[in-house]
Amino acid sequence: MAGSNQFLSVIGWWFLPTVVGYIQSFLYALLIRAGDPRPQPGSPKFIRHRKAIHALVIVAYLFYTVYEADWELRRARDFYQLLGVPVDASERAIKQKFRRLTVLHHPDKVVAAEARPAAERYFVYLKLAHDTLTDPVKRFAYDRFGPDILEWKHCLTIHDYVMHGVQSNAPSYLVGAVVMIMLSMLGYLEQGRYWRYLAFAALIILEGHTITRPDFPAFITDFLNPLFAFFKAHPPFLPFQVLAIARKTTFALFIAMNQLAPILQDPRRNLQNQNNAAAQQEQLNRLTQLLSVADQDAMKLVGIETMPFQGDEGEKELRGKMKDWIHPYLSEIALGGFA
């Protein structure tokens with residue numbers, strides 16, 4: 001379900017321009033009185049309105065993407081929420097809470113036979129949460145990598161978990177870097193290119209800092225969790241949750257930058273870029289014509305110089321050598337005139 005929601009969230013970016021048109025029409029109908037003239041499509045005022053609405057829609061959808069990532073994590077519930085203990089609970093406090101939950105939710109206390117399988121599954125999940133959080137090594141790994149560590153059976157030490165986590169995430173970052181570089185080389189990510197590189201590097205540094213610290217990073221304990229403490233329904237963040245939101249936010253930010261850049265770019269700069277491209281194309285066409293003329297002149301000179309040797313066996317070889325000798329000089333003259 002989470003994967004499908006993420007897919008739909010990504011697809012939603014490509015429908016934003018269409019949504020902007022509907023929003024603009026709705027706002028005109030809402031804010032402009034009947035009978036008053038509306039800005040016509042293509043007019044400067046209409047274009048200004050379209051750009052402003054488009055930018056606001058992109059920013060709003062970016063915030064929605066962050067909210068959606070956070071909501072998915074809260075809906076999944078972490079082990080601390082399951083046991084009802086704070087993220088900084090001691091091992092003793094976790095064991096005490098587990099004993100109380102055992103008394104309440106033990107499958108033997110369920111009378112209805114049809115409810116027993118669900119009760120057994122819930123109790124097994126409680127036991128798994130207890131065993132994970134009372135083991136210092138597993139708790140360290142769970143806080144930083146989430147429930148995925150339950151599948152890492154071969155890991156025994158903190159070093160094992162950290163190395164496995166790095167090896168699991170490294171291919172994603174490597175592929176992301178290669179894709180960004182290739183798209184930039186092909187000219188698809190010209191706007192905001194360096195900001196993308198900076199955000200990508202910041203994400204890597206954030207993850208490296210978060211998964212290697214012995215304690216929770218200060219920005220989580222001193223900023224994020226106190227900030228969200230005002231929202232009583234929002235549980236404290238764990239490091240792996242912050243990283244999951246950061247990854248999705250960075251990806252969404254790349255898309256948002258790609259859509260915002262053409263909107264925010266100065267039209268005069270766009271016109272200048274178009275003029276520069278046209279001038280470069282014109283120069284390239286002139287260069288092609290001059291080289292073609294030089295090639296024709298070389299052929300004429302070769303023909304004149306080889307007239308006394310027509311019919312000889314070595315005529316073709318002589319013509320080729322003379323062309324190779326004359327052509328560079330004529331090309332140099334042509335390029336000198338081009339410059």
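Here the structure is a predicted model, which means the values were calculated and not measured.

(A) Focus on the overall build of the protein. Across its full length, the protein carries 13 helices and zero strands. Listed by position from the N terminus, the elements making up the protein come as α-α-α-α-α-α-α-α-α-α-α-α-α. Counting the 339 residues in the protein, one finds 32% classified as buried. The long-range fraction of contacts in the protein, counting pairs at least 24 apart against all pairs at least 6 apart in sequence, stands at 63%. When the accessible surface of the protein is split by element, carbon and sulfur atoms take 65% of a total near 22000 Å².

(B) Region of interest: the packing of helix 3 (residues 44-76) against helix 11 (residues 239-264). Interaxial distance between helix 3 and helix 11 falls to 9 Å at its minimum, and their mutual angle equals 170°. Classified by the angle between their axes, helix 3 and helix 11 sit roughly antiparallel to one another. Here helix 3 contributes Lys51, His54, Ala55, Ile58, Leu62, Thr65, Val66, Glu68, Ala69, Asp70 and Leu73 to the contact with helix 11, which in turn contributes Gln241, Ala244, Ile245, Lys248, Thr249, Ala252, Leu253, Ala256, Gln259, Leu260 and Ile263. Broken down by class, the residue content of the contact of helix 3 with helix 11 amounts to 13 nonpolar, five polar and four charged.

(C) A look at the UniProt feature "transmembrane region" (unreviewed entry) in the protein. Residues annotated by UniProt as "transmembrane region" (unreviewed entry) correspond here to residues 12-31, 52-67 and 170-189. Taken end to end, residues 12-31 is 95% helix and 0% strand, and its first and last C-alpha atoms sit 27 Å apart. Structurally, residues 52-67 comprises 100% helix and 0% strand, and the distance from its first C-alpha atom to its last is 23 Å.

(D) Representation of the packing of aromatic side chains within the structure. Considering all chains together, one arrives at twelve aromatic pairs under this definition. Ring plane angle 65° and centroid distance 5.9 Å describe the contact between Tyr173 and Phe200, whose orientation is recorded as edge-to-face. One end of the pair, Tyr173, is in helix 8 (residues 158-185); the other, Phe200, is in helix 9 (residues 193-212), and 27 residues separate them in sequence. Considered together, Tyr173 and Phe200 belong to a single accessibility category, that of buried residues. Note on Phe228 and Phe237: the rings are 5.1 Å apart at their centroids and 90° apart in plane angle, and the pair reads as edge-to-face. Judged by relative accessible area, Phe228 falls into the partly exposed class, the value being 24%. Given the relative accessible area of 6%, Phe237 is considered buried. An aromatic cluster is present here, built from Phe79, Tyr125, Tyr142 and Phe240 joined pairwise through their rings. Seen from the ring of Phe140, Arg144 lies directly overhead, with NZ or CZ sitting 3.8 Å from the centre.

(E) The environment of Gln259, seen in detail. Mapped onto the elements, Gln259 comes out in helix 11. Once the C-alpha coordinates of Gln259 and Leu16 are considered, the two residues, 243 residues apart in sequence, prove to be 9.5 Å apart. Excluding its chain neighbours within four sequence positions, the residues that come into contact with Gln259 are Trp13, Trp14, Leu16, His54 and Ile58. Side-chain polar atoms of Gln259 contact the backbone oxygen of Trp13, separated by 3.0 Å.

(F) Structural detail: the packing of helix 9 against helix 11. Helix 11 packs onto helix 9 with a crossing angle of 175° between their chain directions and a minimal axis gap of 11 Å. The pairing of helix 9 with helix 11 is recorded here as roughly antiparallel in orientation. Along the contact surface, helix 9 presents Trp195, Arg196, Ala199, Phe200, Leu203, Leu206, Glu207, Thr210 and Ile211, while helix 11 presents Pro239, Leu243, Ala246, Arg247, Thr250, Phe254, Met257 and Asn258. Residues that form the contact of helix 9 with helix 11 fall into these classes: eleven nonpolar, three polar and three charged.

What counts, and where the lines are drawn
Residues numbered from 1 in each chain as written. Predicted model: local features only at pLDDT ≥ 70, side-chain atom pairs only at ≥ 80, totals over all residues. Heavy atoms only, no water. Helix = DSSP H or I, 4+ residues; strand = E, 2+ residues; numbered from the N terminus. Buried < 20%, exposed > 50% of the residue type's maximum accessible area, 1.4 Å probe, protein only. Contact = heavy atoms within 4.5 Å. Areas by Shrake-Rupley, 256 points an atom, 1.4 Å probe, with all protein chains shown as cover. Axes fitted to C-alpha atoms, helices over the stretch in contact; angles between N-to-C directions. Parallel < 35°, antiparallel > 145°, perpendicular 65-115°, else oblique. Nonpolar A, V, L, I, M, F, W, Y, C, P; charged D, E, K, R; others polar. UniProt positions renumbered as here; feature names shortened; annotations may be inferred. Phe/Tyr/Trp six-rings, centres within 6.5 Å; stacked < 30°, edge-to-face > 60°. Lys NZ or Arg CZ within 6 Å of the ring centre and 35° of its normal. Polar contact = N/O pair within 3.5 Å; in protein donor to acceptor, adjacent residues only side chain to side chain.

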